[in-house]
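Listed here are the chains, written in short residue letters.
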Amino acid sequence: MSRFLIGLVAGIALLIPATVISAGEQQRRFTVELALLAGDSRLLQEESLSVEKRRWIEGRITSALNVLPLLARQFLEESGLTDNSLLERLGGLQQQRPGSVALLTAARELSQQFPIPFPVDFQQPLGVSAESEIKTVYQQLCLGCHITSAPESSVVIGNFGSFARSMPDSEWLARLLGGLRGDAYTGYENPFSDAEIAALFRYTRDELP
């Protein structure tokens, strides 16, 4: 199956009711969004951000704060759990200002409490064959946006390797799974399998400048 079709199928899957999505899918969506919220809140603590990029990230944070309660309800329903305290804590997040230390701290705590379920070991070094295969994937699907530093009007990160190494494992995994959202450059739906995500995790961390 071509990667275009894989991406198309992934996009269609977003429209399928939760009752027919494989077990754990809502948990992953919720935990990825939590990790991205924590990561974006961390980015806003950097003084070197341009006004434009800061505005994009603040917009992503606002979007995450709005969607997280819905994702939490879907996750709880999927898991057969009742946890009103989780919904209350998410409501508390919505009261915090994007860029505040309070939001960063609370988002990190929730992300640590609800880690991303990921069945593939992304800490394993790549073998020669696996590295060659994932390098081809990276060159075909990723390099076009990440070969140079991004313009000020975009949140795309040019120095992919150093960016990957600048954050905790859970945040980089979330960014690979969920993508960097926020402008026309970053609307690419994740077409990768978990094995490919794990390989990209290692390749970007270990091989790219």
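Residues numbered from 1 in each chain as written. Predicted model: local features only at pLDDT ≥ 70, side-chain atom pairs only at ≥ 80, totals over all residues. Heavy atoms only, no water.

The name an unreviewed UniProt entry gives the chain is Cytochrome c domain-containing protein, with Sedimenticola thiotaurini as the organism.

A.B. asks: How do you make sense of the overall build of the chain when you look at a structure like this?
C.D. replies: On a plain count of helices and strands, the chain comes out with ten helices and zero strands. Reading the chain from its N terminus to its C terminus gives the helix and strand order α-α-α-α-α-α-α-α-α-α. Within the span of the chain, comprising 209 residues, buried residues form 42% of the whole. Of the contacts made within the chain by residues no fewer than 6 positions apart, 73% connect residues no fewer than 24 positions apart. With the model as given, the accessible surface of the chain reaches about 11000 Å², and the carbon-plus-sulfur share is 55%. (Helix = DSSP H or I, 4+ residues; strand = E, 2+ residues; numbered from the N terminus. Buried < 20%, exposed > 50% of the residue type's maximum accessible area, 1.4 Å probe, protein only. Contact = heavy atoms within 4.5 Å. Areas by Shrake-Rupley, 256 points an atom, 1.4 Å probe, with all protein chains shown as cover.)

A.B. asks: It is not clear to me how helix H10 (residues 194-206) should be interpreted in this structure. Could you clarify?
C.D. replies: In an α-helix there are 3.6 residues to a turn, and that puts residues three or four apart on one side. Along its 13 residues, H10 runs 18 Å from first to last C-alpha, staying within 8% of the 18 Å computed at 1.5 Å per residue. Counting buried positions over the 13 residues of H10 gives ten, a clear majority of the element. Buried within H10 we find Glu 196, Ile 197, Ala 198, Ala 199, Leu 200, Phe 201, Arg 202, Tyr 203, Thr 204 and Arg 205. (Expected span 1.5 Å × (residues − 1).)

A.B. asks: Explain the nonpolar core here, please?
C.D. replies: Soluble globular proteins: nonpolar side chains tend toward being buried together. Counting 50 residues, the largest nonpolar core has Phe 30, Leu 37, Leu 86, Leu 90, Trp 172 and Leu 173 as the members making the most contacts within it. Within the residue set of this core, elements represented by two or more residues are helix H2 (25-43), helix H3 (51-79), helix H4 (84-93), helix H5 (101-113), helix H6 (128-141), helix H8 (160-165), helix H9 (169-178) and H10. Broken down by element, the residue count for this core peaks at nine residues, all from H3. Here this core gathers at least three residues from each of two domains, domain 1 (25-113) and domain 2 (128-207). Ignoring sequence-local partners within four residues, the contact set of Leu 173 consists of Ile 116, Phe 118, Phe 122, Ile 197 and Phe 201. (Core = buried A, V, L, I, M, F, W, Y, C linked by side-chain atoms within 4.5 Å. Domains from an automatic or database assignment.)

A.B. asks: Sorry if this is basic, but what is going on with the packing of H2 against H5 here?
C.D. replies: To characterise two packed helices, one gives the angle between the axes of the helices and the distance between these axes. It is the contact of H2 with H5, at a shortest axis distance of 8 Å, that shows an interaxial angle of 150°. Here H5 runs roughly antiparallel to H2, going by the angle between their axes. As H2 packs across H5, the resulting crossing turns out to be left-handed. For the pair H2 and H5, the contacting residues are Leu 34, Ala 35, Leu 37, Ala 38, Ser 41 and Arg 42 in the first and Leu 103, Leu 104, Ala 107, Arg 108, Leu 110 and Ser 111 in the second. The class makeup of the residues in the contact of H2 with H5 is eight nonpolar, two polar and two charged. (Axes fitted to C-alpha atoms, helices over the stretch in contact; angles between N-to-C directions. Parallel < 35°, antiparallel > 145°, perpendicular 65-115°, else oblique. Left-handed = near helix turned anticlockwise from the far one by under 90°. Nonpolar A, V, L, I, M, F, W, Y, C, P; charged D, E, K, R; others polar.)

A.B. asks: Looking at this structure, how should I read the packing of aromatic side chains?
C.D. replies: How two aromatic rings sit relative to each other is set out by the distance from centre to centre and by the angle between their planes. Applying the stated criterion across every chain yields a total of seven aromatic pairs. Judged by centre distance (6.0 Å) and plane angle (55°), the ring pair of Phe 118 and Phe 122 falls under tilted. Just as Phe 118 is buried, Phe 122 falls in that class too. With a centroid separation of 4.4 Å and an interplanar angle of 40°, the aromatic rings of Phe 122 and Phe 201 are classed as tilted. Placement of Phe 122 in the loop between H5 and H6 and of Phe 201 in helix H10 is noted, with a sequence separation of 79 residues between them. Classification of Phe 122 as buried rests on a relative accessible area of 15%. Ring pairing ties together the aromatic residues Phe 30, Phe 75 and Phe 114, which thus form one cluster. (Phe/Tyr/Trp six-rings, centres within 6.5 Å; stacked < 30°, edge-to-face > 60°.)

A.B. asks: Which parts of the structure should I look at to understand the environment of Val 137?
C.D. replies: Locating Val 137 in the fold gives a position in helix H6. Residues Val 137 and Leu 200, 63 residues apart in the sequence, show an inter-C-alpha distance of 8.7 Å.

A.B. asks: What exactly am I supposed to notice about H6 here?
C.D. replies: The terminal C-alpha atoms of H6, which comprises 14 residues, lie 20 Å apart, in line with the 20 Å expected from a rise of 1.5 Å per residue. For H6, the full list of buried residues reads Ile 134, Val 137 and Tyr 138. Looking straight down H6, one finds its buried side chains confined to an arc of 100°; they lie on one side. Away from its buried face by more than 90 degrees, H6 exposes Val 128 and Gln 140. (Arc of directions from axis to C-beta.)

A.B. asks: Where do I start with the pattern of salt bridges in this structure?
C.D. replies: When the charged atoms of two side chains lie near each other, side chains of opposite charge can form a pair. The full count for this structure, using the stated rule, is ten salt bridges. One salt bridge in this structure joins Arg 60 and Asp 40, with 2.8 Å as the shortest N-O distance. With Arg 60 in helix H3 and Asp 40 in helix H2, this pair connects stretches of sequence that are 20 residues apart. You can call Arg 60 buried: its relative accessible area is 7%. Asp 40 sits in the buried class, given a relative accessible area of 2%. Measuring nitrogen to oxygen at the nearest pair gives 2.7 Å for the salt bridge that ties Arg 202 to Asp 206. Note that Arg 202 and Asp 206 are positioned in helix H10 at a spacing of four residues, about one turn of the helix. What makes Asp 206 partly exposed here is its relative accessible area of 42%. Among the charged side chains, a network of salt bridges with common partners joins Asp 40, Arg 42, Glu 46, Arg 60, Glu 171 and Arg 175. (Salt bridge = Lys/Arg side-chain N within 4 Å of Asp/Glu carboxyl O.)

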